[in-house]
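Structure at a glance
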Amino acid sequence: MTVTASVPTTNASRYLQQLCKHWSHKFETDFGPEQGVIAFPMGPIRMAAQPDALLVTLEPNADADVEKFKQVVADHLDRFAFKEAPLPFDWL
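What comes next is a walk through the structure.

How each quantity is defined
Residues numbered from 1 in each chain as written. Predicted model: local features only at pLDDT ≥ 70, side-chain atom pairs only at ≥ 80, totals over all residues. Heavy atoms only, no water. Helix = DSSP H or I, 4+ residues; strand = E, 2+ residues; numbered from the N terminus. Contact = heavy atoms within 4.5 Å. Pairing = 2+ DSSP bridges. Axes fitted to C-alpha atoms, helices over the stretch in contact; angles between N-to-C directions. Parallel < 35°, antiparallel > 145°, perpendicular 65-115°, else oblique. Left-handed = near helix turned anticlockwise from the far one by under 90°. Nonpolar A, V, L, I, M, F, W, Y, C, P; charged D, E, K, R; others polar.

1. Quick look at the environment of P60
With respect to the helices and strands, the residue P60 is situated in the loop between β5 (53-58) and α2 (66-80). Between the C-alpha atom of P60 and that of F40, which follows or precedes it by 20 residues, the distance is 9.2 Å. Discounting residues that sit within four places of it in the chain, P60 has contacts with M1, T2, M42, V66 and F69.

The following block contains the structure:
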């Protein structure tokens, strides 16, 4: 199971890198300007920066609280995007 959101922003690369750096102190991360992966305890977070959006894909573990997982990621991204926050997350 995966859940994905395309989050409209022209700062996708910056937010992707900020979130990965933020969580790199606690979790394994792998990232560059255009893609990032965070080995989050609830399941992997994958991000891809596009010119006008940040594509966020969550791969929740079987026992993960999916709604909480989505909220944790959205809340953290909103902190980095404080000038644009709240960012719209349309989870599919």
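That covers the picture; the talk isn't over yet.
2. Topic: the pairing of strand β4 (residues 43-50)
Pairing between strand β3 (residues 35-40) and β4: six bridges, direction antiparallel. By the bridge assignment for β4, Q35 is matched with A48. Hairpin connection from β3 to β4: two residues lie between these consecutive antiparallel strands. Of the strand pairs in this sheet, β4 and β5 are connected by six bridges, and their pairing is antiparallel. The partner of R46 across the bridge, within β5, is T57. Hairpin connection of β4 to β5: two residues between the antiparallel strands.

3. Thoughts on the packing of helix α1 (residues 12-23) against α2
The packing of two helices is summarised by the inter-axis angle and the distance between the axes. Axis separation between α1 and α2 bottoms out at 10 Å; the angle between their running directions is 115 degrees. If you check the angle between α1 and α2, you find them roughly perpendicular. α2 is crossed by α1, and the crossing has right-handed handedness. The residues of α2 that touch α1, namely those facing Y15, Q18, L19, H22 and W23, are V72, V73, H76, L77 and F80. Its residues assigned to classes, the contact of α1 with α2 shows seven nonpolar, three polar and no charged.

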